[in-house]
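# Structural overview for review
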Amino acid sequence: MFRMWGKIWKENHLMQDVVVTNEDRELNRTRKVLHGLNEICSALDLSVPIWLDANITEFQKVSKTRFCADHFIEQIDFDALEIQVIEEDD
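Residues numbered from 1 in each chain as written. Predicted model: local features only at pLDDT ≥ 70, side-chain atom pairs only at ≥ 80, totals over all residues. Heavy atoms only, no water.

Let us look at the nonpolar core. General note: in soluble globular proteins, nonpolar side chains tend to be found buried as a group. Ranked by size, the top nonpolar core spans 19 residues in total, and within it M4, I40 and L81 carry the most contacts. When residues in this core are grouped by element, the largest group, four residues, is from helix α1 (residues 29-43). Among all residues touching L81, those that are not within four sequence positions of it are K7, I8, L37, I40, C41, L44, L46, P49, T65, R66, F67 and F72. (Core = buried A, V, L, I, M, F, W, Y, C linked by side-chain atoms within 4.5 Å. Buried < 20%, exposed > 50% of the residue type's maximum accessible area, 1.4 Å probe, protein only. Helix = DSSP H or I, 4+ residues; strand = E, 2+ residues; numbered from the N terminus. Contact = heavy atoms within 4.5 Å.)

In C-alpha cells form, the structure reads like this:
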C-alpha cells in the first residue's frame with residue numbers, strides 16, 4: 001500500500017491534514033505521488049500546486065516537500081501545503 005500525508009500549515013500550526021492511499025501496484029511511484037497530490041488537494045479544496053525543480057529534488061531525497069504561495073495560481077490563506085510519503089509498497 002502507498003500512503004501519502006498532506007498537511008496545511010499556517011504560522012507553524014497544523015491547520016488541516018489528510019492521508020490518502022493507493023493500492024494500485026501497477027502504477028509507478030511518480031504516478032502514485034501525482035495521484036496522491038491530486039487527491040489531497042481535492043480533499044482540502046485546493047488547486048493543485050506547481051512542482052518546481054527544488055520540490056522535485058527535495059522530494060526525491062526525503063519523500064517530502066512543501067508548496068508555498070508561489071506554487072499556487074490562486075491566492076492561499078495559509079503558509080504551506082506539505083506532502084510526505086508515509087508508506088510505500090514492499
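Moving on from the coordinates now.
The subject of this paragraph is α1. Under the 1.5 Å per step criterion, the end-to-end length of α1 is 21 Å for 15 residues, consistent within 8% with the ideal 21 Å. If you check which residues of α1 are buried, you get K32, V33, G36, L37, I40 and C41. Seen from one end, α1 has its buried residues packed into an arc of 165°, which puts them on one side. Among the exposed residues of α1, those pointing more than 90 degrees away from its buried face are R31 and S42. (Expected span 1.5 Å × (residues − 1). Arc of directions from axis to C-beta.)

Okay, the sheet that holds strand β2 (residues 13-22) next. Read across the sheet, four strands follow the order β2-β1-β4-β3 without closing on themselves; strand pairing throughout is antiparallel. This sheet does not close on itself; its edge strands, each paired only once, are β2 and β3 (64-67). The mean angle between the axes of side-by-side strands here comes to 20°, regardless of whether they run parallel or antiparallel. Sheet topology places β3 next to strand β4 (residues 80-87); four bridges connect them, and they run antiparallel. Bridging across to β4, K64 finds its partner in Q84. Its contacts with the sheet put helix α2 (residues 53-62) on β3 and β4, and the angle it makes with β3 is roughly 150°. (Pairing = 2+ DSSP bridges. Axes fitted to C-alpha atoms, helices over the stretch in contact; angles between N-to-C directions.)

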